[in-house]
Amino acid sequence: MAKVTFITADDEQITLEGDSGSVMELAVQNDVAGIDGDCGGVCSCATCHVHVAPEHLAKVGSASEIEQDMLELDDNANEYSRLCCQIELNEQIDGVILRVAQ
Ligand code: FES
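Nothing here was measured: the structure is a model prediction, and the numbers come from that model. (Residues numbered from 1 in each chain as written. Predicted model: local features only at pLDDT ≥ 70, side-chain atom pairs only at ≥ 80, totals over all residues.)

(A) Broad picture of the overall build of the protein chain. When helices and strands are counted, the protein chain shows three helices and five strands. For the protein chain, the N- to C-terminal ordering of α and β elements is β-β-α-β-α-α-β-β. The globule rule puts the C-alpha radius of gyration for 102 residues at 13 Å, and the 12 Å found for the protein chain is close to it. Projected onto the principal axes, the alpha-carbon positions of the protein chain cover approximately 30 × 25 × 25 Å. Across the 102 residues that make up the protein chain, the buried fraction comes to 30%. Excluding contacts between residues fewer than 6 apart, the proportion of contacts in the protein chain whose partners are at least 24 apart in sequence is 64%. (Helix = DSSP H or I, 4+ residues; strand = E, 2+ residues; numbered from the N terminus. Rg over C-alpha atoms; globule rule 2.2 N^0.38 Å. Buried ≥ 20, exposed ≤ 12 C-beta atoms within 10 Å, placed from the backbone. Contact = placed C-beta atoms within 7 Å.)

So, in structure tokens, the structure goes:
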């Protein structure tokens, strides 16, 4: 079981728990504003873009090459960017904070 906190564009904090699937799926199932998951999680839309809290980046890991290619098309991408459909929900990421990217 992992707890994940999302911070939306309105600075609303939403903490959710899950134990399988991706972080994007958890967000979409719980209507987190700004996470749309349009491509269904195949890393081809960037509507699941988040910025990982800097202190949590090591836990979550950095973006894969395919993910980086997609993020390059997004003006708001930075070194803390991830597409959260590519983050697996597991104990390793318990407690992470993710800011929904604009
Ligand atoms: S849901 Fe489309 S890239 Fe993540």
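Next comes the rest of the account.
(B) Focus on the environment of Cys84. Along the polypeptide, Cys84 turns up in the loop between strand S4 (81-83) and strand S5 (96-100). Separated by 62 residues in sequence, Cys84 and Ser22 have C-alpha atoms that sit 7.0 Å apart. Ignoring anything within four residues of it in the chain, the contact list for Cys84 reads Ser22, Val23, Met24, Ala27, Ile35, Cys48, Val50 and Leu98.

As far as function goes, none of this settles anything; it's purely spatial.
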